[in-house]
Amino acid sequence: DDLLLIVDLLGSASAGWYAADLKMVEVGVTPLILLGTAAYPMLSRSAFRDETGFLRLSDEFLRSVLFVSGWLAVGMYCLAPLLVPEVLGGRFGPAIRLLPLFSLLAITKGLEIALYRVLYAAKRQNTYLATLIVGTVLIVALNCWLIPLFGAEGAIAAIVLSTTVVNVAAIMTLRSEIPLRVFAHTLGRLLMPLVGTAGVIYFLHSSGVNPWRVGLMGCVVYPFLGVAFGLVPNPRHSLLFARAVRSA
């Protein structure tokens, strides 16, 4: 209903800019869906047979998904604004101002993708369905409130807020299988590379470095910081990637 409200209140041009940015997020999170599909058999097998193994697998899976979604967010923040006019043309220039908000959506959607796979593995799919219903009702209400006030930015804020509510509900549901400290620790591992990358981008931008070099440097710095802060599981000691390491 967000696109319909944007068309009705802001016009088809604003809806086109919004839809173009939203499509970037949808395409960007596709690898996360595939990763979840690959990890699901291991998660479901360990859920009721090995509590310690399930906790460790879930932690590694969450970190892996958040690493990729954080990388997507960095790309959307510092590189996509340069690519949009080149790929889609100058008429999509106004879509650039929406990209920083969509970078937040990339992270919240990535976390949702990880959490619903863990919920399914723990046989909590009914809980996930209930949270989705609540999130859907919430996003409709927020769209009707925020879009008239803030335009397309309000629509993005509505998606981010509703997805965050779904994520928090999922985390609270899983707290008996996965302690809250694990989620806090994992989110902290994501925050540090993002803050470090933002600092590098700000320094380079304020130094007058070419915007393309700034964007590319941000996309290069983030994965190194992700590894340094332990966001990426070590393949040699990982349960999630152990089979791939042995086969290599």
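Worth saying up front: this structure is predicted, and the values here are computed from it rather than measured.

Draft legend 1. Highlighting the nonpolar core. Tyr 18, Phe 61, Phe 102 and Leu 115 are the most contacted members of the largest nonpolar core, which has 65 residues in total. In terms of residue count, the dominant contributor to this core is helix α6 (residues 99-121) (13 residues).

Draft legend 2. Examining the packing of helix α3 (residues 30-47) against helix α4 (residues 51-78) more closely. Across the interface, α3 lies against α4 with an axial gap of 9 Å and an inter-helix angle of 170°. Between α3 and α4, the interaxial angle falls into the category roughly antiparallel. Of the residues in α4, those in contact with Leu 32, Leu 35, Gly 36, Ala 39, Met 42, Leu 43, Ser 46 and Ala 47 of α3 are Glu 51, Gly 53, Phe 54, Leu 57, Ser 58, Phe 61, Ser 64, Val 65, Val 68 and Ser 69. Here the contact of α3 with α4 is built from residues that sort into 11 nonpolar, 6 polar and 1 charged.

Draft legend 3. Expanded view of the packing of aromatic side chains. Enumeration over the complete set of coordinates arrives at 5 aromatic pairs. Measuring from ring centre to ring centre gives 6.1 Å for Tyr 120 and Tyr 128, while their planes differ by 70°; the resulting arrangement is edge-to-face. Tyr 120 sits in the partly exposed class, given a relative accessible area of 32%. Relative accessible area serves as the criterion here: at 10%, Tyr 128 is assigned to the buried category. Taken together, the ring pairs connect Phe 67, Trp 71 and Tyr 222 into an aromatic cluster. Note that Arg 117 overlies the ring of Tyr 40, its terminal NZ or CZ placed 5.6 Å from the centroid.

Draft legend 4. Main features of α4. Between its first and last C-alpha, α4 extends 40 Å over 28 residues, near the 40 Å set by a 1.5 Å rise per residue. A large share of α4 lies buried, amounting to 21 of its 28 residues.

Draft legend 5. Region of interest: the pattern of salt bridges. In the structure shown here, the tally under the stated rule is 5 salt bridges. Note that Lys 23 is salt-bridged to Glu 26, the shortest N-O span being 3.2 Å. Of the two residues, Lys 23 and Glu 26 both sit in helix α2 (residues 12-28), 3 residues apart, roughly one turn of that helix. Assessed through its relative accessible area of 47%, Lys 23 is described here as partly exposed. A salt bridge links Arg 63 to Asp 59; the shortest N-O distance between them is 3.4 Å. Remark: Asp 59 and Arg 63 occur in helix α4; sequence separation between them is 4 residues, near one turn of the helix.

Draft legend 6. Spatial organisation of the side chain of Ser 58. Note on placement: Ser 58 falls in helix α4. Using a relative accessible area of 0% as the deciding quantity, one classes Ser 58 as buried. From its side chain, Ser 58 meets the backbone oxygen of Phe 54 in a polar contact 2.7 Å long. Look past the residues within four positions of Ser 58 in its chain and what remains in contact with it is Leu 43, Val 118 and Ile 178.

Draft legend 7. Examining unusual backbone geometry more closely. A positive phi angle is found at Lys 123, which is not glycine, with a value near 60°. Turning to its location among the elements, Lys 123 is positioned in the loop between α6 and α7 (125-150).

Definitions and cut-offs
- Residues numbered from 1 in each chain as written.
- Predicted model: local features only at pLDDT ≥ 70, side-chain atom pairs only at ≥ 80, totals over all residues.
- Heavy atoms only, no water.
- Core = buried A, V, L, I, M, F, W, Y, C linked by side-chain atoms within 4.5 Å.
- Buried < 20%, exposed > 50% of the residue type's maximum accessible area, 1.4 Å probe, protein only.
- Helix = DSSP H or I, 4+ residues; strand = E, 2+ residues; numbered from the N terminus.
- Axes fitted to C-alpha atoms, helices over the stretch in contact; angles between N-to-C directions.
- Parallel < 35°, antiparallel > 145°, perpendicular 65-115°, else oblique.
- Contact = heavy atoms within 4.5 Å.
- Nonpolar A, V, L, I, M, F, W, Y, C, P; charged D, E, K, R; others polar.
- Phe/Tyr/Trp six-rings, centres within 6.5 Å; stacked < 30°, edge-to-face > 60°.
- Lys NZ or Arg CZ within 6 Å of the ring centre and 35° of its normal.
- Expected span 1.5 Å × (residues − 1).
- Salt bridge = Lys/Arg side-chain N within 4 Å of Asp/Glu carboxyl O.
- Polar contact = N/O pair within 3.5 Å; in protein donor to acceptor, adjacent residues only side chain to side chain.

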